[in-house]
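This is what each chain is made of:
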Amino acid sequence: MSDIFPRWTNKLPAQLLAGAILTGTAVSAAVWYYFTPKYTRVGYQPVQPVGFSHAIHVDQVGLDCRYCHNGVEKSWYSNVPSSGTCMNCHNAVLATDPKLELVRDSYATGKPIPWVQIHRTPDYVYFNHAVHVNRGVSCVHCHGSINKMDEVQHAKPLSMGFCLDCHRNPADFLRDPKQVYNLDWQPENPQAHKDAMLQAVHDWKVASSQNCSACHR
Amino acid sequence: MKTIPPSCPEPENGVRYWRGLDDLAGTPEFKEFLEREFPAGASEFTDPTSRRNFVKLMGASMALAGFGLTGCRRPEAKIQPFDRQPEGYVHGVAQHFATAFPTRSGAIPLVARQHDGRPVKVEGNDRHPDSASGTDPYTQATILDLYDPDRARRFAKAGNTVSREAAFDFLADLAKQSATAQGKGLAILAGTSTSPSRARLQAVLATKLPQARWFTHESVDFDIHRRGASLATGKAVAPRYRLENARVIVSLDCDFLGTEEESARYNRGYAKGRKVASANDSMNRLYVAEAVLSVTGSNADHRLRIPASQVLPLAAALAAEILPAGPARDACAGVPKPAGVDPKWISECAADLVAHKGRAAVLAGYSQPLAVHALAQALNGALEGFGKTVELHDEAGSAGAGLAELAAALNGGQVETLVILEGNPVYDAPVDLNWAVTQRKAKTVVRLGYHEDETSAKSDWLLPAAHYLESWGDARTSDGTLVPVQPLIEPLFGGLTAIEVLARIAGEPQVKPYDIVRTTFAGIAKSAVEDVWERFLYEGFLGDSAGRPVAATVDGAAVAKAVQAAPRVPAPSKDSLEVAFRRDSKVDDGRYANNGWLQEMPEPLTKIVWDNAALISRKTATDLGLINGEYVTLQAGGRTLRAPVWITPGTADNTLVLSLGYGRLLPGKVACFDGKNPVGFDAGAIRTAAAPWIVAGVKVAGSRAVHQFATTQSHWAMSGRPIVREANLGQFQKDPKFAKNFDLESHSSHIPMGTNGLPAQLYHTAYTERPETQKSAINQWGMSIDLSACTGCGACVIACQSENNVPIVGKDQVIRGREMHWLRIDRYFTGYKAGQRNKLVADEDQWKETWIDDPQVVNQPMMCQHCEKAPCESVCPVNATVHDEEGLNIMAYNRCVGTRYCSNNCAWKVRRFNFFDYNKRPNNLGDSSQGMSGELYKGPFARRNAADLELVRMAKNPEVTVRMRGVMEKCTFCTQRIESAKIARKVKAGASGDVQVTDADGLRTACQQACPAEAIVFGNQLDPAARVNQAKANPRDYTVLGFLDTQPRLTYLAKVRNPNPKMPDHREVPLSIEEYKQMYHGDPFAPHGAGHGAASEAGAGHGAAPAAGHETAPAAKGGAH
């Protein structure tokens, strides 16, 4: 009886299996790395309709975060300021500068400025700003050094793992609530600060829940 | 390879959004710059030949852009802030405004909650002096009406849409014409209202247009209470019951806990007399006489099942025993005794009333004739109840002439312009007035309506009405306190309020409702100070504006005359049946027919949804040869009506009871999806002006056709299982902990006992694994429901639906058992007939059992028990349901894959699964005939109208996820409210440890807040002062299905009945106990020793009793069977 199949097909099953395993591993690895928020979100820096620079306004001018994001201490939502807030200064400062044309238009006509949202958690996540900023979690831990950014970029992954890193270990991320909006603040003595915060977790009864009900309803 | 960024979504017209000076300059360099997302040049692929280059560049692209495609990133979202921030507005924080829901005879004071400028929930107003902070199901559901896609949105003339200005011009013309004609030919038809603004405008109209006529029509007329009290006392007064002061309450067909207005306040007052905590506490006692089981009847200690027509003879018989000698008493003695009623029932009831003089109340229902109301008030007077259990308040009544007079005027051609404000006369007018034709006899009909309904179809001008949550207005609650109706949102579709229309017709200069209300307020408050007005709006009532109760005496002669003038309706018989109508507990008189929540709310006693039925008793059905669900033709007075019957326990013989409000073809897609097959049948087809509530001489003929009903609970009996535990007051006083005697674990030696006297742990809890880290030391949530206080009204069900975005599923899905209510009220009929042992009959055959003729009823709100050792948590393959450190059993919807194993394992069956996407798919809700061809089954190929979806979405609470298909959901103890309370505490605490949530923070679950009887108590069990701890310390506390040892956080307080030992229908123990004794061969009230049930084990140590001894005991009893 003659050979129906050529010799090289003898190796085919082994090659297919090896290929499948390699492909599977490669795809898994690719998804593992490229499809996580750490890769897809970090670095997202969309172009905004108005070239607002935090570096100028916070670092240079010295505005407090809450001047614009005034709802952050009361609400789950940290609001982007209305055009009126901008015009508080910019009706006098750079009053005719073309860079601010859109802001003046918005204030005059009522049409909102369409800021591109950068930090966004999925619909099934209910995050609350007020409870974090009032209890000693600074903006810098989740938003990075925004005060140094010319254009805001997504600095941290804001994945569930990222949130749990702090919720499992709150002492590492807490500070005196008075320093929350001082993004450049560093503890003078890191070890002493760490100890103080461990004590604070106990004294303030920080119960950063790791249970689903903390964020998912 | 060049990447092309997506085209800019901004419109080309309008303001040009530019990104930099270069763009503004429009330089070619910039244009090229713009086209590349990453101008570093890495995405250029200039050399097409080398594959190596290709790979290099792809790698670089990946590194910079994520495969060089922008599509992998989530879609771009915009944040669009205000141009000017409204003062005090913080996005994300709910705002609360006081308002009121105006009802026919008063108002319900409310606090409405709004998110982002739209109202999503209404609650009772705690600050109102009435402090009936609960609400009823109707009120809770009104929020859905606001976002009803079928509501009237346009101004129309002869069916064609016109502009708002055109309509206003028409009204102005009408005002001018009427002014010149002094109002001749103008007729206004309105409902009843307590609004002082409307009364003021009515008076203005009467002065400016003296020849204009005002007519009042209400399909369900609650004004009869006022007329009865006025007749009986000879003064213009209305009765206001203070049931919390009553020890004996007699209801003459008065469903004051259900379908009477003010039921929330009555529930509260009544429940105050039902809660007992120790053997020294006393209870009130309720006697009810009615034709069909109602919420009130289901709570009665003694219930008399009589046809509605026999309530007058019953009232006369009671009065004959109680009233002092005089004309009234003589007139009552002349009334024949009610047929089929044991005279001892009447005499003992009368004796009980007299024994509690000054603490007794007699109420008459809206469906009873005036004579019964007069007698009720006469009895209240004789029992010295005025000023104590019944307050009489001055009320002249706004009722003018009625619909019959208007029909006469129309038929006589006297009406040029008919203005109809609210109401729906074409649908609910008495059938003999032939209103659809009669209305058209007016030259012009102007209709202010919330829907384009039956009446709108016969009108010329259509004005869309504004919902009360969009309106400025005012009203008075039953004690006379002035309350504001404050809008939470601008009228969504430019709707008008009744006072605005009246003001325009009167040619008043002030036509804006806000101005009208302020003017009226200035007159009442006698103050133009802004602060007073603002305080009024803030608190939701005007302090010290309540009326003082007036003293009155009974006018015996007037009562005698009323009794003698009352028509004598003969008792019904098999050949001459009686039909009684009633206000439906869900759709009212039809106004809520398009409200999906109310249609799907199970009727409290029959648990029927999406339908009404002709309720009939078992005996009558058997006599007439009918089976359950059979279509019958009713013949009354020459008119016929085809309706399906439903055999329901506790119905009077030879009577059919029909609910109004169904069979509507027009209001919208919920009430009638296709315009041909409405939900239910229209009972009004045999309702005449002469007999609007009781029709005698009805003939019934069966057919071979059977109607398919959808019920949420088809099983009627508890079959002896101690799910709802109850006792008579005597048993409670002897053994306050009687509820524990039913615990199976106290009977069975199979469950090992621990050293602390409680069952040893059979399963591990979430906490036993790592107890120190798992259980929070700050908050532990628990809930207690008092079954003695719960009347089964159902307000909690709708409140939960409103708060938690629970969808409705439609009749077809309910038939398959897929209703989505997180909280349901289980209603059991308990009964026992010696010799009828077999309780385990199929649901379809229950109606044949004789014990259902005179059952008792128990209600039990059932929701997730939040078991510490939850059977559902351990079986979820993806860990979507877990236990949190504060005791809640939580659902993470995003993790759920829809295995439904958790629901399978739940012994209480409180988990609901989204079999379809009930929110996005169109659903022919009221029709069960669609079956497999229904829209739901089409999945993503069937979508609801986008405009409708837009509107319906606004009703959703943004704090709670809206669930999609494939996800399990269940009661979460309002975790969103818990989190809000915890967050509020932590925000306030800041850098301190004062984070425990206590009762003082005002945290209440939605059901707790809605319950008028305060039966539901929720709170932090770690707070020693919390009310929930007091409730759980009540000796009546027990766990449902406690033998499963799952340790639920939700426990119940057993029900206590208070029957009168002298009454002929007195039972030594509640009927459910007789069932229990039969099934379990043990008397829970016998001396228990160490907790065993069987008397033969008395004294034996608990674990030591041999199992064999326990099992042979029933055989040894022999003759007990």
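Residues numbered from 1 in each chain as written. Chains lettered and ligands numbered in written order. Predicted model: local features only at pLDDT ≥ 70, side-chain atom pairs only at ≥ 80, totals over all residues. Heavy atoms only, no water.

J.: Can you walk me through the overall build of chain B in this structure?
T.: Scanning chain B for helices and strands turns up 35 helices and 39 strands. With 1121 residues in all, chain B has 60% of them scored as buried. Within chain B, counting contacts between residues at least 6 apart in sequence, those at least 24 apart form 75% of the total. Accessible surface computed for chain B: about 42900 Å², of which carbon and sulfur atoms make up 54%. (Helix = DSSP H or I, 4+ residues; strand = E, 2+ residues; numbered from the N terminus. Buried < 20%, exposed > 50% of the residue type's maximum accessible area, 1.4 Å probe, protein only. Contact = heavy atoms within 4.5 Å. Areas by Shrake-Rupley, 256 points an atom, 1.4 Å probe, with all protein chains shown as cover.)

J.: So what exactly am I meant to see when it comes to the pairing of strand β13 (residues 360-364) of chain B here?
T.: For a regular strand, side chains alternate in direction, first toward one face of the sheet and then toward the other. With respect to burial, β13 of chain B is a largely interior element, 5 of its 5 residues being buried. Because side chains alternate across β13 of chain B, one face comprises the buried residues Ala-360, Val-362 and Ala-364 of chain B, and the other comprises Ala-361 and Leu-363 of chain B, equally buried.

J.: What should I look at first to understand the packing of helix α7 (residues 224-233) of chain B against helix α13 (residues 370-382) of chain B in this one?
T.: If you want to describe how two helices pack, look at the angle between their axes and the distance between the axes. Residues and elements named next belong to chain B. Close contact between α7 and α13 brings their axes to 8 Å; oriented N to C, the two are set at 60 degrees. Taken as axis vectors, α7 and α13 run oblique relative to one another. In this structure, the crossing between α7 and α13 has a hand that is right-handed. Facing Ile-224, His-225, Arg-227, Gly-228, Ala-229, Leu-231 and Ala-232 of α7, the residues of α13 in contact are Leu-370, His-373, Ala-374, Gln-377 and Ala-378. Taken together, the residues that form the contact of α7 with α13 break down as 7 nonpolar, 4 polar and 1 charged. (Axes fitted to C-alpha atoms, helices over the stretch in contact; angles between N-to-C directions. Parallel < 35°, antiparallel > 145°, perpendicular 65-115°, else oblique. Left-handed = near helix turned anticlockwise from the far one by under 90°. Nonpolar A, V, L, I, M, F, W, Y, C, P; charged D, E, K, R; others polar.)

J.: Looking at this structure, how should I read the confidence of the model for chain B?
T.: One rule of thumb: low pLDDT means the predicted coordinates there are not for detailed reading. All names here are of chain B. When the pLDDT values of chain B are averaged, the result is 87; 86% of them are 70 or greater. Ignoring residues within four places in sequence, the model shows residues 38-47, a span with pLDDT below 50, making 20 contacts including any to other chains. The low-confidence segment residues 1089-1121, where pLDDT is below 50, has 33 contacts with residues more than four positions distant or belonging to other chains. The ipTM assigned to the predicted complex is 0.93, against a pTM of 0.89. (pLDDT = per-residue confidence, 0-100.)

J.: So what exactly am I meant to see when it comes to the pattern of salt bridges here?
T.: Should their charged atoms come close, side chains of opposite charge can pair. This structure, assessed with the given rule, holds 67 salt bridges over all chains. The partner of Asp-59 of chain A in a salt bridge is Lys-148 of chain A, and the shortest N-O contact between them spans 3.7 Å. Here Asp-59 of chain A, found in helix α3 (residues 54-60), pairs with Lys-148 of chain A, found in the loop between α8 (139-143) and α9 (160-167); they are 89 residues apart in sequence, far enough to count as distant. Accessibility expressed as a relative area gives 40% for Asp-59 of chain A, which makes it partly exposed. Using a relative accessible area of 45% as the deciding quantity, one classes Lys-148 of chain A as partly exposed. In this structure, Glu-262 of chain B engages Arg-265 of chain B in a salt bridge whose closest nitrogen and oxygen atoms are separated by 3.0 Å. For Glu-262 of chain B, a relative accessible area of 22% gives the class partly exposed. What emerges from the salt-bridge pattern is a single network uniting Arg-104, Glu-218, Glu-261, Arg-583, Asp-588, Asp-589 and Arg-591 of chain B. (Salt bridge = Lys/Arg side-chain N within 4 Å of Asp/Glu carboxyl O.)

J.: Even after reading the chapter, I still don't get the pairing of strand β4 (residues 118-124) of chain B, so can you show me in this structure?
T.: Residues and elements named next belong to chain B. With 7 of its 7 residues buried, β4 lies for the most part within the structure. Here strand β3 (residues 107-115) pairs with β4 via 6 bridges, running antiparallel. Looking across to β4, one finds that Gln-114 is bridged to Pro-119. Hairpin connection, β3 to β4: the antiparallel pair is bridged by 2 residues, and Asp-116 has positive phi, about 50 degrees. (Pairing = 2+ DSSP bridges.)

J.: Would you explain helix α4 (residues 137-146) of chain B in this entry?
T.: Along an α-helix, residues three or four positions apart point the same way, because every turn accommodates 3.6 residues. All names here are of chain B. Most of α4 is tucked away: 10 of the 10 residues are buried. Taken residue by residue, α4 has Pro-137, Tyr-138, Thr-139, Gln-140, Ala-141, Thr-142, Ile-143, Leu-144, Asp-145 and Leu-146 as its buried positions. Its buried side turned inward, α4 meets β2 (95-102), β3, β4, α22 (596-600), α27 (795-803) and α32 (1006-1010). You can read the cap of α4 off the contacts: a side-chain oxygen lies 3.2 Å from the backbone nitrogen of Tyr-138, and it is on Asp-136. (Polar contact = N/O pair within 3.5 Å; in protein donor to acceptor, adjacent residues only side chain to side chain.)

J.: Just checking my understanding: could you explain the sheet that holds β3 of chain B for this structure?
T.: Backbone-to-backbone hydrogen bonds join strands into a sheet, with any given pair of strands oriented parallel or antiparallel. All names here are of chain B. If you walk across this open sheet you meet the 3 strands as β2-β3-β4, and the pairing is antiparallel. At either margin of the open sheet sits one strand with a lone partner, and together these are β2 and β4. Across the sheet, the mean angle separating the axes of adjacent strands is 35 degrees when strand polarity is ignored.

J.: How should I be thinking about the interface of chain A and chain B in this particular structure?
T.: Interfaces are frequently sized by the accessible area removed from exposure as the parts join. Facing the 60 residues of chain A at the interface are 53 residues of chain B. For the pair chain A and chain B, the two sides together bury roughly 5100 Å², of which 58% comes from carbon and sulfur. Area buried by chain A at its contact with chain B is led by Pro-114, Ser-213 and Arg-217 of chain A, which between them contribute 14% of it. Taken together, chain A and chain B are joined by 0 salt bridges. There are 17 residue pairs in polar contact (both at pLDDT 80 or more) connecting chain A and chain B. Where the side of chain A that touches chain B is concerned, the elements lending two or more residues are α2 (37-40), α5 (83-90), α6 (101-109), β1 (115-116) and α7 (129-133) of chain A. Here the side of chain A that touches chain B gets 5 residues from one element, more than from any other, and that element is α6 of chain A. For the side of chain A that touches chain B, the class distribution of residues is 29 nonpolar, 19 polar and 12 charged. The pairing of β1 of chain A with strand β1 (residues 78-79) of chain B spans 2 bridges and is antiparallel. Within the sheet, the bridge partner assigned to Val-116 of chain A lies in β1 of chain B and is Lys-78 of chain B. (Buried area = accessible area lost by both parts, 1.4 Å probe.)

J.: Sorry if this is basic, but what is going on with the sheet that holds strand β12 (residues 302-305) of chain B here?
T.: Residue and element names in this part refer to chain B. The sheet built from 4 strands is open, its strands ordered β12-β11-β10-β13 with parallel pairing. Where the open sheet ends on each side, the last strands, each with one partner, are β12 and β13. The average undirected angle you get between the axes of adjacent strands in this sheet is 10 degrees. Relative to β13, strand β10 (residues 248-252) runs parallel, the two sharing 5 bridges. Each bridged residue has a counterpart across the sheet, and for Val-250 the counterpart in β13 is Val-362. Here helix α10 (residues 311-322) sits on the sheet in contact with β10, β11 (285-290) and β12, set at roughly 145 degrees to β10. The strands touched by helix α12 (residues 343-355) are β10, β11, β12 and β13; relative to β11, the strand with the most contacts, the crossing angle is about 140 degrees.

J.: Whenever I open this one, the packing of aromatic side chains confuses me. Can you help?
T.: Any two aromatic rings considered together are summarised by their centre-to-centre distance and by the angle between their planes. Residues and elements named next belong to chain B. Going through the model one piece at a time under the given rule, you end up with 33 aromatic pairs over all chains. Between Trp-533 and Phe-536, the ring centres sit 5.8 Å apart and the planes meet at 45 degrees, which makes this aromatic pair tilted. Of this pair, Trp-533 and Phe-536 both sit in helix α20 (residues 530-539), 3 residues apart, roughly one helical turn. Comparing Trp-533 with Phe-536, the two get one shared label, buried. Ring centres of Trp-716 and Phe-829 lie 5.7 Å apart, and the angle between their planes is 85 degrees; on these two criteria the pair is classed as edge-to-face. In this pair, Trp-716 is assigned in the loop between β27 (710-711) and β28 (726-728) and Phe-829 in strand β30 (residues 824-830), connecting sequence segments 113 residues apart. (Phe/Tyr/Trp six-rings, centres within 6.5 Å; stacked < 30°, edge-to-face > 60°.)

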